[in-house]
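Take a look at the letters that make up each chain.
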Amino acid sequence: MQHTVKSSVVFTGVGLHSGAPVRMVVNPASADYGIWFKRTDDVVGDRMIAARWDAVIPSRLCTLVGNSAGVTVSTIEHLMAALAGCGIHNALIEIDGPEVPILDGSAAPFVRAFLAKGLREQDANVRAIRILKPVEVREGQAVGRLEPSDMLEIDFQIDFADEAIGRQEKSLNMSNGAFVRELADSRTFCRQADVDAMLANGLALGGTFDNAVVVDGDRVLSPGGFRYEDEPVRHKMLDALGDLYLAGAPILGRYTGIRAGHALTNRLLRALFARPDAWEMIEIEPKAGRKLPGVGVVASDLPVFA
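Residues numbered from 1 in each chain as written. Predicted model: local features only at pLDDT ≥ 70, side-chain atom pairs only at ≥ 80, totals over all residues. Heavy atoms only, no water.

Chemist: Honestly, the overall build of the protein in this entry has me stumped. Any pointers?
Modeler: Along the protein, the regular secondary structure elements total 6 helices and 21 strands. For 306 residues, the compact-globule estimate of 2.2 N^0.38 gives 19 Å, and the C-alpha radius of gyration of the protein, at 18 Å, lies within 12% of that figure. Expressed along its principal axes, the backbone C-alpha trace of the protein runs to roughly 50 × 45 × 40 Å. Burial statistics for the protein: of 306 residues in total, 56% are counted as buried. Within the protein, counting contacts between residues at least 6 apart in sequence, those at least 24 apart form 74% of the total. Accessible area of the protein: about 12700 Å², with a carbon and sulfur share of 50%. Taken as two groups, the 32 positive and 39 negative side-chain charges of the protein have centres that lie 3 Å from each other. (Helix = DSSP H or I, 4+ residues; strand = E, 2+ residues; numbered from the N terminus. Rg over C-alpha atoms; globule rule 2.2 N^0.38 Å. Buried < 20%, exposed > 50% of the residue type's maximum accessible area, 1.4 Å probe, protein only. Contact = heavy atoms within 4.5 Å. Areas by Shrake-Rupley, 256 points an atom, 1.4 Å probe, with all protein chains shown as cover. Lys, Arg positive; Asp, Glu negative; His and termini not counted. Charge placed at Lys NZ, Arg CZ, Asp CG, Glu CD.)

Printed below as a string of C-alpha cells:
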C-alpha cells in the first residue's frame, strides 16, 4: 500500500551552501499525489516543483530541481533518500527558501522525525519501475548502471586520493529497512581543499563540522571522526537512493555506481526513460511490497548514535 505522513512534520535549519535559515514542512498528501515541493517565500510565478528526474537542473554539488518559472529547490537528496527509505510515496513539502536544511548532513534527522510522527497507509497499491534491460552511462572513470533485479540493490565504489577515505565499496539489498539501519545516518563528506574552494566562491556558507565530515589527506578533521570506517561510501549510497527516487516511483533493479555523483545518476534516469523497452511500470501487490525499502521500518532501526 502507498503511505504518507500521518501529520505535518516541521524542520528548521540552515542551507549547506547558502547558510540561510530555512523552515520546511512535510505535509500529508493524497494517494498518487507523489512528492512535490512548494516554495512559500516571496517568489514570483509558479511555486510548485515536482520531485522528478525531468525537473532536475544540472548541478555539480547537489541535486537541484526547478520549474518552468525558474523557481528552484536545492540539496534535496538527503530528504528524498529519507522519503524513499521510510516508504513515503506522497507528500507536499512546503519550504520558505531555496535550499533544504542540511541538519546533521545525513538523512537520519528526517527519518527519525517521520517515524516518530508515524505513517498513514493509503488505499492504493504502490506502483514501481521494474528494470527489464541494462542501461548504462559513463563520464570518464565514472559509471552509472541499472540492471534487472527483483528488488532494489545498490552497489557503489569510490576511490579518493585522500588516505582517510581511499578506495571503498559496499553492496546492499535495500529491502526490509536496510536503508534505515545501514545508511541513513551516514553524513556528507568533503576534502578541506574543496571546502576552501567552495567558500572562496560563496558556497558551503552553512557548512560546519556538525553537518559534514571534513578530511585532509590521512586526517579526519571533524571531531569524533567517522561514524563508520566506510561512512563515505555509505553516504554515496544514501545520495544514490535519494536521486533514484526522482524516478517518480520505487525502482526494482540493481544500481551500480562507480565514482558516480548526482549528475551522473540523473543522466542514468534520463537514459532509462529514453528507452521504453528497458523498463515497465508495475503495480505491487501488498505481499510483494515487502521487497520495497521502507516496508516494516521502525524508529529503533536507527543506530543509537544517529
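Resuming the write-up.
Chemist: Teacher, can you tell me more about the pairing of strand β4 (residues 35–39) here?
Modeler: Looking down a regular strand, the side chains alternate between one sheet face and the other. The two faces of β4 differ: Ile 35, Phe 37 and Arg 39 on one face are buried, but Trp 36 and Lys 38 on the other face are not. When β4 meets strand β9 (residues 91–95), the two strands line up parallel, connected through 5 bridges. Bridge pairing links Arg 39 to Ile 95 in β9. (Pairing = 2+ DSSP bridges.)

Chemist: When you look at helix α1 (residues 77–85) in this model, what are you seeing that I'm missing?
Modeler: Along an α-helix, residues three or four apart share an orientation, since each turn contains 3.6 residues. Among the 9 residues that make up α1, 9 are buried, leaving the element largely enclosed by the rest of the structure. Where α1 ends, the next residue or the one after it, Gly 87, has phi of about 70°, a positive value.

Chemist: Is there a simple way to explain the layout of surface pockets in this structure?
Modeler: Empty space among the atoms becomes apparent when a probe as large as a water molecule is rolled across them. Approximately 1200 Å³ is the volume found for the largest pocket. Considering the residues around the largest pocket, the lining is formed by 48 residues, among which Arg 60, Leu 61, Phe 189, Lys 236 and His 262 are closest to the centre. Of all the secondary-structure elements, those providing two or more residues to the lining of the largest pocket are α1, β14 (153–159), β16 (189–191), α4 (192–200), α5 (231–244) and α6 (262–273). Roughly 440 Å³ of internal volume is contained in the second largest pocket. Lining the second largest pocket are 28 residues, and of these His 3, Gly 87, His 89, Gly 294 and Val 295 sit closest to its centre. The set of elements that each furnish at least two residues to the lining of the second largest pocket consists of β10 (119–122) and α5. Among the residues making up the lining of the second largest pocket, the classes are represented as 18 nonpolar, 7 polar and 3 charged. (1 Å grid on protein atoms, 1.4 Å probe; cavity = no way out; pocket = protein on both sides within 12 Å on 5 of 7 lines; lining within 4 Å. Points joined across faces, edges and corners; volume = space filled by probe spheres on them. Nonpolar A, V, L, I, M, F, W, Y, C, P; charged D, E, K, R; others polar.)

Chemist: Which parts of the structure should I look at to understand the side chain of Asp 230?
Modeler: Within the secondary structure, Asp 230 sits in the loop between β18 (219–220) and α5. Among the polar contacts made by the side chain of Asp 230, one reaches the side chain of Arg 234 at a distance of 2.7 Å. Those residues in contact with Asp 230, other than ones at most four positions away along the chain, are Gln 168 and Lys 170. (Polar contact = N/O pair within 3.5 Å; in protein donor to acceptor, adjacent residues only side chain to side chain.)

Chemist: What should I look at first to understand the sheet that holds strand β15 (residues 167–173) in this one?
Modeler: Think of a sheet as strands paired side by side through backbone hydrogen bonds, with each pair either parallel or antiparallel. Judged by pairing direction, the sheet is mixed, and its 5 strands sit side by side in the order β12-β13-β20-β14-β15 without closing on themselves. Bordering the open sheet on either side are β12 (135–139) and β15, each of which pairs with just one other strand. The average undirected angle you get between the axes of adjacent strands in this sheet is 5°. Along the sheet, α6 makes contact with β12, β13 (142–147) and β20 (254–258), crossing β12 at roughly 140°. (Axes fitted to C-alpha atoms, helices over the stretch in contact; angles between N-to-C directions.)

Chemist: I tried to follow the sheet that holds strand β5 (residues 48–50) on my own but got confused; where do I start?
Modeler: Spatial strand order, β2-β3-β9-β4-β5: 5 strands in an open sheet with mixed pairing. Every other strand in the sheet has two partners, leaving β2 (9–14) and β5 as the edge strands with one partner each. Direction aside, the axes of adjacent strands within the sheet are offset by 20° on average. In this fold α1 packs onto β3 (21–27), β4 and β9, with an angle of close to 145° to the strand it touches most, β4. Relative to β2, helix α2 (residues 108–117) is tilted by about 160°, and along the sheet it contacts β2 and β3.

Chemist: Would you mind going over the pattern of salt bridges with me for this structure?
Modeler: Any two side chains of opposite charge can pair, on the condition that their charged atoms come close. Inspection of the entire model under this criterion finds 20 salt bridges. We note a salt bridge from Arg 127 to Asp 32, for which the minimum N-O separation is 3.0 Å. Here Arg 127 is found in strand β11 (residues 126–131), whereas its partner Asp 32 is found in the loop between β3 and β4, with 95 residues between them in sequence. Exposure remark for Arg 127: the relative accessible area of 39% places this residue in the partly exposed category. The salt bridge involving Arg 130 is made with Glu 280; its shortest N-O contact spans 2.4 Å. Taken together, the positions of Arg 130 in strand β11 and Glu 280 in strand β21 (residues 279–284) put the pair 150 residues apart, joining distant regions of the chain. (Salt bridge = Lys/Arg side-chain N within 4 Å of Asp/Glu carboxyl O.)

Chemist: Which parts of the structure should I look at to understand the nonpolar core?
Modeler: One recurring pattern in soluble globular proteins is that nonpolar side chains are buried together. Among the nonpolar cores identified, the biggest contains 80 residues, and Phe 37, Leu 79, Phe 114 and Phe 179 are the most heavily contacted of them. Core analysis: the second largest hydrophobic core is formed by 6 residues, Val 126, Ala 128, Ile 282 and Ile 284 among them. (Core = buried A, V, L, I, M, F, W, Y, C linked by side-chain atoms within 4.5 Å.)

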